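Summary of structural features
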Amino acid sequence: MAMRCCLAMEVVPLVVPPAPPAPAASVGWALLVRHLGWRVGAAVYPLRSLTVKQATILQLQPTLQALHAHHRPFVGEAAGLGPAAADALLPGLGTTLRRVWRLRWENEHKSALWHIAVNGLPGFPMHAAQLARGDADAACPCGTVMGEGDRVHHFWSCAVAEAVLDALSAMLLVPVSRMQLWLVCCPLEVHQLVWDVVCLAALSAMEFGRRLLYRRRPSVGGPPCSIIRVSAETVADFWARLRGFAAMGSRPAVGGRYPWCTPFLPLLRPGRFAFVGPQMWIPPLRRPLEALPTIPWSSQCRPWARAERG
Ligand SMILES: [Zn+2]
């Protein structure tokens, strides 16, 4: 049976407390900004304390990540390490590239290092793609099949690159490792500031030799190019770059204690270098050679250089 309600429904006004006044827009924004920021890995960049340097880093994050992706195999090939172990050396490579960037020398001597660090020289990506697809390996004009990749071949194992390595080893009287050359890690016998210049000159000369090889590669049925001649011109280019640096008369870098006696570029007097090169023909420079006397490197300097480093 249906029940009927005898009470009429009525509206009872409730007592609602007044709402607090809305904060001012500036206060609202301040509260909001306090909790905004960016998180990149383990680093946090709050919006309130963001500096121009941090904002630049944030803007460059995609580029830096792509750069690290290219640097990782470079460090791995240089040190003979796997990708995981190479990660530990990446910060050191960044420090090295920044130090070399500050070197007062024309950028044309630095571009070879920048390019091989990202495997970015002409022809390298194409041959790397061919290797990845399993196509026929590209061959160097020296006659060697570059199964290990263009970078390792042209900047380490090619006959032309080996000529430059032989010149370095002959001066140091010890073999130079790939890590010392590619990652600019100075051997015991050389000051780091000098080794920066030497590595840039050596890598640039190897790139000069690579281009010379391709420029002189024989046509079909033609006579082969002379590897010995290309190698000699490449080594001469290396020494010419070092002599050109000495001719500028500037320190390799600002700061640091520079030894008087070190292979390749010992100090003649404060602020002035002497060039220690091979006993061979040296291309003429714009400045007279007699202004920069050649001092033969002697073994008597070696203990002194070690003491300087210690
Ligand atoms: Zn070759």
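Residues numbered from 1 in each chain as written. Predicted model: local features only at pLDDT ≥ 70, side-chain atom pairs only at ≥ 80, totals over all residues. Heavy atoms only, no water.

**Brief notes about the overall build of the protein**
Assigned secondary structure in the protein consists of 13 helices and 4 strands. Looking at the protein as a whole, 38% of its 310 residues are labelled buried. When contacts within the protein are restricted to residue pairs at least 6 apart in sequence, those whose partners lie at least 24 apart make up 58%. Just so you have it, the protein exposes about 18,000 Å², and 63% of that area is on carbon and sulfur atoms. (Helix = DSSP H or I, 4+ residues; strand = E, 2+ residues; numbered from the N terminus. Buried < 20%, exposed > 50% of the residue type's maximum accessible area, 1.4 Å probe, protein only. Contact = heavy atoms within 4.5 Å. Areas by Shrake-Rupley, 256 points an atom, 1.4 Å probe, with all protein chains shown as cover.)

**Describing the side chain of His-154**
In this structure, His-154 sits in helix H8 (residues 150-157). Polar contacts involving the side chain of His-154 include one to the side chain of Tyr-214, which spans 3.2 Å. (Polar contact = N/O pair within 3.5 Å; in protein donor to acceptor, adjacent residues only side chain to side chain.)

**Structural notes on the coordination of the zinc ion**
Summarising the metal site, the zinc ion is bound by the protein donors Cys-140 (SG), Cys-142 (SG), His-153 (NE2) and Cys-158 (SG), whose distances to it range over 2.1 to 2.3 Å. Here the zinc ion binds 4 donor atoms, and the angle range of 100 to 119° at the metal identifies the geometry as tetrahedral. All donors of the zinc ion belong to a single chain; written as a sequence motif, their spacing is C-x1-C-x10-H-x4-C. (Donors = N, O, S within 2.8 Å, 3.2 Å for Na, K, Ca; no water. Tetrahedral: all angles 85-135°; square planar, octahedral: opposite > 155°, others 65-115°.)

**Overview of the pattern of salt bridges**
On inspection of all chains with the given rule, the structure shows 8 salt bridges. Taking the shortest distance from any N to any O, the salt bridge between Asp-196 and Arg-99 comes out at 2.8 Å. Taken as a pair, Asp-196 in helix H11 (residues 192-215) and Arg-99 in helix H5 (residues 90-102) lie far apart in primary sequence, 97 residues in all. The residues Asp-196 and Arg-99 share a single accessibility class, namely buried. Linking Arg-241 and Asp-237 is a salt bridge whose minimum nitrogen-to-oxygen distance equals 2.6 Å. Of this pair, Arg-241 and Asp-237 both sit in helix H12 (residues 227-248), 4 residues apart, which is roughly one turn of that helix. (Salt bridge = Lys/Arg side-chain N within 4 Å of Asp/Glu carboxyl O.)

**A short note on the nonpolar core**
Ranked by internal contacts, the top residues of the largest apolar core, which has 64 residues, are Leu-181, Trp-195, Phe-238, Leu-242 and Phe-264. Looking at this core, the elements with two or more residues in it are helix H3 (61-79), H5, helix H6 (111-117), H8, helix H9 (159-172), helix H10 (178-182), H11 and H12. By residue number, the principal contributor to this core is H11, which donates 14 residues. Residue contacts for Leu-181: discarding those within four places in its chain leaves Phe-155, Trp-156, Leu-165, Leu-168, Val-176, Cys-199, Ala-202, Leu-203 and Met-206. (Core = buried A, V, L, I, M, F, W, Y, C linked by side-chain atoms within 4.5 Å.)

**Structural notes on the packing of aromatic side chains**
As enumerated under the stated definition, the model contains 6 aromatic pairs in all. A ring pair is formed by Phe-238 and Trp-239, whose centres lie 4.8 Å apart and whose planes are at 55°; its orientation type is tilted. Of the residues examined, Phe-238 reaches a relative accessible area of 0% and is grouped as buried. The class for Trp-239 is buried, based on a relative accessible area of 5%. Chaining the aromatic ring pairs together yields one cluster made of Phe-238, Trp-239 and Phe-264. (Phe/Tyr/Trp six-rings, centres within 6.5 Å; stacked < 30°, edge-to-face > 60°.)

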